[in-house]
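# Working through the structure, step by step
What follows is each chain in one-letter form.
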Amino acid sequence: MEELKQKLKVQIIEALNLQDTRPEDIDDNAPLFGEGLGLDSIDSLELMVLLERQYQIKVEDPREGRKILQSVQSMAEFIQSKQQPA
Amino acid sequence: MKGKCYIQGLAAITPQHTFEGDLSQPMVVTRGNMLSCVEPDYRSFIAPNSLRRMTRVLRMGLTASLKCLQDSGIAIPGAIVTGTGKGSLQDTERFIKEIRDYEERALNPTPFIQSTYNAVNGLIALQQKCTRYNNTFVHRGFSFEHALLDSMLLLHEGTSDVLAGAFDEITPEHFFIKGRIGHWKKETVSNDALYEHVSPGTISGEGAVFFLLAPTATAQSYAQIGGLEMLYKPSPEKLKTALPQFLQQHGLQAADIDLVLSGANADSNHAHYYQVLNDCTQCPQLPFKHLSGDYETAGAFALWLAAQMLKQQQIPSQWFPMLQQQPARLRNILIYNHFFGEQHTFMLVQAV
C-alpha cells in the first residue's frame, strides 16, 4: 500500500504538472481538491484518465468518483480493491 | 472605414526582445529556419495553478494580452477579438497523438479544450472577468486582419474600446509538415542574412501581439490605424491598381508615405508581388520578416512595429541594418504583407 501511494503521488504530480510539488509534500489523507492541493474540476477529469491509463480502472459513476478522488489514501484503497483477485 | 481607431496600448511576445517595448534591444539572431519567441517570465502575470496547465501559445497569448491591458490602463475591455492561423498546435498535436496511442479511449480533456481556437480568448475573459463580446477569427493569412476589421466595426458602432490581438506558434512537427509543401527554404539560413538567400520558401516564425483600440486619441495613443484593405489572390495588375486606390481613399498620395513595412521574405515563389511597392511608393521600404519569421498573423507584428516607430519617431537601426538613412519624419507608414501569395493586406498606420 505504501509503495502504491508513493507511486500514485509521482503520477499525480506528472499528470497535473504540479511543478513546485514533491511527492513528500502530499499528505496521504489531505484533500486533493479545495484546500489541500487546490485541484479543480478539470484536474478531477485528468485523475480519472490517470486511473484508466495507469491502472485500467474506469470510473463510470461520477458520484463514486468524488469519493475515490478525495485523497491519495482513498485513491490507493480504491485501486487496491480493484486489483485484488475476486 | 468611417470611424477612427487609435492604438492606446500594446504588447508583443516575438522572436525579438519586444515584450518591454524597448526598441534599443539588439537583434536576436537565430541560425536555423525556425524562429522561436523570446518568452517573458509568465509568473508575474499568471497564477502558478493556472500556468501549470497552459501550453506555450496560451501562455504567450494570455501574457501579451494582460501586458497590453496593463499598458493601456484598462482592465475590462469592451470586447476581446483575436485572430490565429493555427491556435494551440502543441495541444492539437498532443490530442491527436493520444487518440492514436490510446486507441480513442481514456483521452485527456485538457489538450482537447486548449486545442480549440478560442481558448486564449476564454482565458483572457476568465482572468479579467470580462463577459462582453468575445470572438476569434481563424482565416489563415487574414486571421488578424479580420479581427482588426471586426474591432474597427465595433468601435464604429459605439464600443468604448476593444482588445484586439493575434497569436500563433510553430512546433518542430508542424515545421516538418509545412516544409513538405515547400513553405521553408531548403538551405539553412540565419535570420540576419535572410534577404541574401532569395530562393523558394522562407523561414518560419511565431508571435503573440495585442492592441487596445479606442475611437478617440489621447496623449497616450501610439498611432492611428487609418486604413485596412484585404485582397484575396489578386493578380499583379489588380494589386497595382489597388494600392494607389487605397492611398487615394485615405486622402494620400505615394509621396505622403514616409515608410513602407513590407512582408518580403526572400521567397522567390512570391517575391514578384512586392514589385508593386517599387511602382507605387518612393520612400524607404523595410522588410520585417527577418525579425519575426513568417506565419499567418505576422501582420500583427508589423502593426506593433509601425505603432512603436510612430510613437517613438525612430526606426531601430540595429533591427534594420538595411536602412540607409532615417526618414526626416514619420507620419504615415504603409504595411503591405501577404501570406504565401494568397491573402494580401494593405494597412495604413498614422502618427497621432
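Thresholds, definitions, all that
Residues numbered from 1 in each chain as written. Chains lettered and ligands numbered in written order. Predicted model: local features only at pLDDT ≥ 70, side-chain atom pairs only at ≥ 80, totals over all residues. Helix = DSSP H or I, 4+ residues; strand = E, 2+ residues; numbered from the N terminus. Rg over C-alpha atoms; globule rule 2.2 N^0.38 Å. Buried ≥ 20, exposed ≤ 12 C-beta atoms within 10 Å, placed from the backbone. Contact = placed C-beta atoms within 7 Å. Expected span 1.5 Å × (residues − 1). pLDDT = per-residue confidence, 0-100. Core = buried A, V, L, I, M, F, W, Y, C linked by C-beta atoms within 7 Å. Pairing = 2+ DSSP bridges. Axes fitted to C-alpha atoms, helices over the stretch in contact; angles between N-to-C directions. Nonpolar A, V, L, I, M, F, W, Y, C, P; charged D, E, K, R; others polar. Parallel < 35°, antiparallel > 145°, perpendicular 65-115°, else oblique. Left-handed = near helix turned anticlockwise from the far one by under 90°.

### Focus on the overall build of chain A
- A tally of helices and strands in chain A yields 4 helices and 0 strands.
- Scanning chain A from its N terminus toward the C terminus, one meets helices and strands in the order α-α-α-α.
- Compactness check: chain A gives a C-alpha radius of gyration of 12 Å against a globular reference of 12 Å for 86 residues, within 12% of the reference.
- A principal-axis box enclosing the C-alpha atoms of chain A has dimensions of 40 × 25 × 20 Å.
- Looking at the 86 residues of chain A, the share that counts as buried comes to 24%.
- Long-range contacts, defined here as pairs at least 24 residues apart, represent 54% of the contacts in chain A between residues at least 6 apart.

### Overview of helix H11 (residues 298-312) of chain B
- Compared with an ideal rise of 1.5 Å per residue, which puts 15 residues at 21 Å, H11(B) spans 21 Å between its outermost C-alpha atoms and is within 8% of the ideal.
- Most of H11(B) sits inside the fold, with 13 of its 15 residues counted as buried.

### Examining the confidence of the model for chain B
- When pLDDT is averaged along chain B, the result is 96; 99% of the residues meet or exceed 70.
- Quick note on the complex model: pTM equals 0.95, ipTM equals 0.86.

### Considerations on the nonpolar core
- Core analysis: the largest hydrophobic core is formed by 86 residues, its most contacted members being Ala306(B) and Val349(B).
- At 11 residues, H11(B) tops the list of elements feeding residues into this core.
- In terms of nonpolar packing, the next biggest core, distinct from the first, is built from 18 residues, Leu8(A), Leu51(A), Met75(A) and Phe78(A) among them.

### Let's talk about the sheet that holds strand S7 (residues 259-262) of chain B
All names here are of chain B.
- Strands sit in the order S3-S2-S4-S5-S1-S6-S10-S9-S7-S8 across an open sheet of 10 strands; the sheet is mixed. At either end of the open sheet lies a strand with only one pairing partner, and these are strand S3 (133-137) and strand S8 (285-287). Taking each pair of neighbouring strands and ignoring which way they run, the sheet shows an average axis angle of 20 degrees.
- Bridge count between S7 and S8: 3 bridges; the pairing is parallel. By the bridge assignment, Leu261 is partnered in S8 with Leu286.
- Running at roughly 155 degrees to strand S2 (residues 79-83), helix H5 (residues 119-128) makes contact with S2, S3 and strand S4 (162-168) of the sheet.

### Brief notes about the interface of chain B and chain A
- At the interface, 9 residues of chain B touch 12 residues of chain A.
- Contributions of two or more residues to the side of chain B that touches chain A are made by helix H1 (48-51) and helix H4 (109-115) of chain B.
- A breakdown of the residues in the side of chain B that touches chain A according to their chemical character gives 4 nonpolar, 3 polar and 2 charged.

### Here we look at the packing of helix H1 (residues 2-16) of chain A against helix H2 (residues 41-55) of chain A
All names here are of chain A.
- It is at 10 Å that the axes of H1 and H2 come closest, and there the two elements cross at 125 degrees. Our classification of the angle between H1 and H2 gives oblique. Two packed elements cross with a definite hand, and for H1 against H2 that hand is right-handed. Within the contact between the two elements, H1 uses Gln11, Ala15 and Leu16 and H2 uses Asp43, Glu46, Leu50 and Gln54.
- Its residues assigned to classes, the contact of H1 with H2 comprises 3 nonpolar, 2 polar and 2 charged.

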